[in-house]
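Analysis of the macromolecular model
Residue-level listing of the chains:
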Amino acid sequence: MLCNRCGKNEAVVFYNENINGYKKSYSLCSDCARELEAAGEINLNFTSPFEEGESLLSGLFESMFGIPSAPALSGAKRTVKEKRCPLCGLTIREISEEGKVGCAECYRSFADELRPSITRIHGSVHHKGRFPLRFKNKCEKENRLEDLRRRLKEAIKNEEFERAAALRDEIRNLTAEA
Amino acid sequence: MAWYGKKSVDNDVVLSSRVRLARNVEGYPFGRHLTDDRARELIGKIGAILTPSGYEAVDFTGLDMIGATAYVEEHIVSPEFAGEKGPHTLFKNDKKNVYIMTCEEDHLRIQCITPGFSLDEAYAGAIEAESLLDSSLNLAFNEKLGYLTHCPTNLGTGMRASVMMFLPAITKFGKFSSIARQLSKIGLTVRGSYGEGSGSTGCLYQISNQVTLGVSEEESIEKLKNIVASIVDQERKLRDAMTKDDVWNSVADASARAYGTLTYARMLSFSEFMKLWCDVRLGIALDNARKMNGQPGGTGIPSSLSYETLDTLFIESQPAVLTLLSGGTPMSPAERDLRRADAIKRRLAVV
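Note that the structure is a prediction, hence the values are computed from the model and not measured. (Residues numbered from 1 in each chain as written. Chains lettered and ligands numbered in written order. Predicted model: local features only at pLDDT ≥ 70, side-chain atom pairs only at ≥ 80, totals over all residues. Heavy atoms only, no water.)

For chain A, the helix and strand inventory stands at eight helices and two strands. Along chain A, helices and strands appear, N-terminal first, in the series β-β-α-α-α-α-α-α-α-α. Within chain A, buried positions represent 31% of all 178 residues. A fraction of 31% describes how many contacts in chain A between residues 6 or more apart in sequence connect residues 24 or more apart. Total accessible area on chain A is roughly 12,000 Å²; 53% of this is exposed by carbon and sulfur atoms. (Helix = DSSP H or I, 4+ residues; strand = E, 2+ residues; numbered from the N terminus. Buried < 20%, exposed > 50% of the residue type's maximum accessible area, 1.4 Å probe, protein only. Contact = heavy atoms within 4.5 Å. Areas by Shrake-Rupley, 256 points an atom, 1.4 Å probe, with all protein chains shown as cover.)

Moving on: the pattern of salt bridges. Residue and element names in this part refer to chain A. A full pass over the atoms with the stated rule returns 41 salt bridges over all chains. Residue glutamate 154 is joined to arginine 150 by a salt bridge in which the shortest nitrogen-to-oxygen separation is 3.4 Å. With a gap of four residues between them, glutamate 154 and arginine 150 both fall in helix α7 (residues 136-157), about one helical turn apart. (Salt bridge = Lys/Arg side-chain N within 4 Å of Asp/Glu carboxyl O.)

What follows is about the interface of chain A and chain B. Opposite the 29 residues of chain A that make contact, chain B presents 41 residues. A combined buried area of about 3,100 Å² lies between chain A and chain B, and 59% of that area is made up of carbon and sulfur atoms. (Buried area = accessible area lost by both parts, 1.4 Å probe.)

All names here are of chain B. Even without being a glycine, histidine 75 presents a positive backbone phi close to 65°. As for its position among the elements, histidine 75 is in the loop between α2 (65-73) and α3 (79-83). On the accessibility criterion, histidine 75 (11% relative accessible area) is buried. At cysteine 103, a residue that is not glycine, the phi angle is positive and equals roughly 55°. Its place among the elements puts cysteine 103 in the loop between β4 (98-102) and β5 (108-115).

Residues and elements named next belong to chain B. Taken together, eight strands build an open sheet; the order of strands is β2-β3-β4-β5-β1-β8-β10-β9 and the sheet is antiparallel. The outermost strands of the open sheet, each flanked by one partner alone, are β2 (56-59) and β9 (188-192). Sheet twist, expressed as the average angle between the axes of neighbouring strands with direction ignored, equals 20°. Direction of pairing for β9 relative to strand β10 (residues 204-209): antiparallel, over a ladder of five bridges. Bridged to leucine 188 within β10 is asparagine 209. Set on the sheet, helix α4 (residues 119-134) makes contact with β1 (14-23), β4, β5 and β8 (159-166); between it and β1 the angle comes to about 25°. Where helix α7 (residues 217-241) meets the sheet, it contacts β1, β8, β9 and β10, and its direction lies at approximately 10° from that of β8. (Pairing = 2+ DSSP bridges. Axes fitted to C-alpha atoms, helices over the stretch in contact; angles between N-to-C directions.)

Bringing the packing of helix α10 (residues 307-316) of chain B against helix α12 (residues 333-349) of chain B into the picture now. Two quantities define a packed helix pair, namely the angle between the helix axes and the distance between the axes. Residue and element names in this part refer to chain B. Interhelical geometry of α10 versus α12 gives an angle of 165° and a closest axis separation of 11 Å. Here α12 runs roughly antiparallel to α10, going by the angle between their axes. In the crossing of α10 with α12, the sense of the turn from one axis to the other is right-handed. Seen from α10, the contacting residues are Thr309, Thr312, Leu313 and Glu316; seen from α12, they are Ile344, Arg347 and Leu348. (Parallel < 35°, antiparallel > 145°, perpendicular 65-115°, else oblique. Left-handed = near helix turned anticlockwise from the far one by under 90°.)

Another point: the side chain of threonine 312 of chain B. With respect to the element layout, threonine 312 of chain B can be found in helix α10. Dropping the residues within four chain positions of it, threonine 312 of chain B is found in contact with Tyr4, Gly5 and Arg347 of chain B.

Residues and elements named next belong to chain B. Overall, the coordinates contain eight aromatic pairs over all chains when judged by the stated rule. Geometrically, the ring pair formed by phenylalanine 141 and tyrosine 147 is edge-to-face, given 5.0 Å between the ring centres and 65° between the ring planes. On the basis of relative accessible area, tyrosine 147 is assigned to the buried category, the value being 1%. For the ring pair tryptophan 277 and phenylalanine 314, a centre distance of 5.2 Å and an interplane angle of 40° mean the geometry is tilted. Of the two residues, tryptophan 277 sits in helix α9 (residues 270-292) while phenylalanine 314 sits in helix α10, which places them 37 residues apart along the sequence. Both residues of the pair, tryptophan 277 and phenylalanine 314, count as buried. Of note, arginine 23 hangs over the ring of tyrosine 147, and the distance from its end group to the ring centre comes to 3.4 Å. The side chain of arginine 281 reaches across the aromatic face of phenylalanine 166, ending 4.9 Å from its centre. (Phe/Tyr/Trp six-rings, centres within 6.5 Å; stacked < 30°, edge-to-face > 60°. Lys NZ or Arg CZ within 6 Å of the ring centre and 35° of its normal.)

Let us look at the environment of lysine 291 of chain B. Residues and elements named next belong to chain B. For lysine 291, the location among the structural elements is in helix α9. For lysine 291, a relative accessible area of 47% gives the class partly exposed. As a C-alpha pair, lysine 291 and threonine 243 span 48 residues in sequence and 9.9 Å in three-dimensional space.

Residues and elements named next belong to chain B. Each pocket or cavity is described by its volume, and for the largest pocket that value is around 1,100 Å³. Ser78, Pro79, Glu80, Glu104 and Arg109 are the residues nearest the centre of the largest pocket, which is lined by 41 residues in total. Of all elements in the fold, only β1, α1 (36-50), α3, β5, β8, β9 and β10 reach the threshold of two or more residues within the lining of the largest pocket. The element that contributes the greatest number of residues to the lining of the largest pocket is β10, accounting for three residues. Roughly 420 Å³ of internal volume is contained in the second largest pocket. Here the lining of the second largest pocket is composed, by residue class, of two nonpolar, four polar and seven charged. (1 Å grid on protein atoms, 1.4 Å probe; cavity = no way out; pocket = protein on both sides within 12 Å on 5 of 7 lines; lining within 4 Å. Points joined across faces, edges and corners; volume = space filled by probe spheres on them. Nonpolar A, V, L, I, M, F, W, Y, C, P; charged D, E, K, R; others polar.)

By the definition in use, this model includes one disulfide over all chains. A disulfide bridge connects cysteine 203 of chain B with cysteine 278 of chain B, and the sulfur atoms are separated by 2.0 Å. One end of the pair, cysteine 203 of chain B, is in the loop between β9 and β10; the other, cysteine 278 of chain B, is in helix α9, with 75 residues separating them in the sequence. Here cysteine 103 of chain A stays free of any disulfide, with the sulfur of cysteine 85 of chain A as its closest cysteine sulfur at 3.6 Å. Its sulfur unpaired, cysteine 103 of chain B is 15 Å from the next cysteine sulfur, which belongs to cysteine 103 of chain A. (Disulfide = S-S within 2.5 Å.)

Here you go:
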């Protein structure tokens, strides 16, 4: 098949465009394709959003973590010394690119940076449930306090002021223990 | 004997229950950030706790493809674990219901798998193993975020509880997509396991909790149990509707034909087997339902063919497990199909 613009060379570029019903169709040799592209008539550098796997993914983590991924940061910003996790050496940018932290320490080093994304995933940032043995005293007390505060709110709502006062004292005593 | 092939509760609908806990050890980096030397050191520490308590270690770095894949097919390890490059070891207890993967995505993936609808039992088993490890290891934890995991989606309890369900009636009546939509709204995940997208064979589904932070283990399990119980109920109601004479005749026919093929075929691919397996399992369920309703039943399938035997067949017919049971020498797909048909025939002959 010959190029349908110059009619001389073999056509190697087959271009179909349909934007909102406005159709263009060409069969072109490489010279004519280059000329038409330079004139802005056709666009050969078009990439479908579905083909851009990598940028889509980092975009996803960007929205997950609320942190711009590497390509989105300007060169100037990248020269600034970034905070690194003391145990595994990752930066928050590397974490957001991978979507996973490098070690347990990362959750402490980047607590503020990670909080928004954790809230987005779970809808909560307050653990409820089991804890390791070495956290027994701390967690049991915290759970007890939480329970007392909930009951205090309830008592106030029901206008049971005597019960509320007792609960308030119990909370005071428990917090004073520390 | 493994976790399958045992008598269990509600196994006309629920094949198995599973609870897995993700745990990590303080001071060791996660995933690919953990060097091989440190990984070996960590596995050694874990082994020193588990081995004296009767756990057997299976070093996956020294395992061939067939051996590793067989564990995946038995639902004991994840495909990621089987394909892991660095040091990774599986620990299994002598009761064959607790399986602990080390150096998968997290340092520890403690799982307990129990037959039928038995989430409490699975949870208790996983917790027992976890307590043993907790007594000698510094598990990574913080009061706000709970157990600290490689991926933030597992933070909190690090627990994934799931059940594998056989839902042929819900699938046949086209009710599954609406159930799946409702499940996702209340924080449960569902995925098809086996035969997905292959029409009538899409009858096995796995349902699990999604959220792990802010909800306690007990609350999560309670919620899953309630939902699973109502799905079991719905599946049974729809099966009941299928016991009406006209529907029953076509189901009984399909089921008897499937049984005939299983007993007489000389070659069976796994996907064909799965389709026949679903038909036979449904036939048995409907036959039981008809007998309960006082209707005449009979599919021609021996009444001694139990769900346990069928579920064992399902595990043992998968390519790698089948190869392993036949001596472990790699086979071509055609050789496997011959071997599969033969193994099924022999298993059904003793029913």
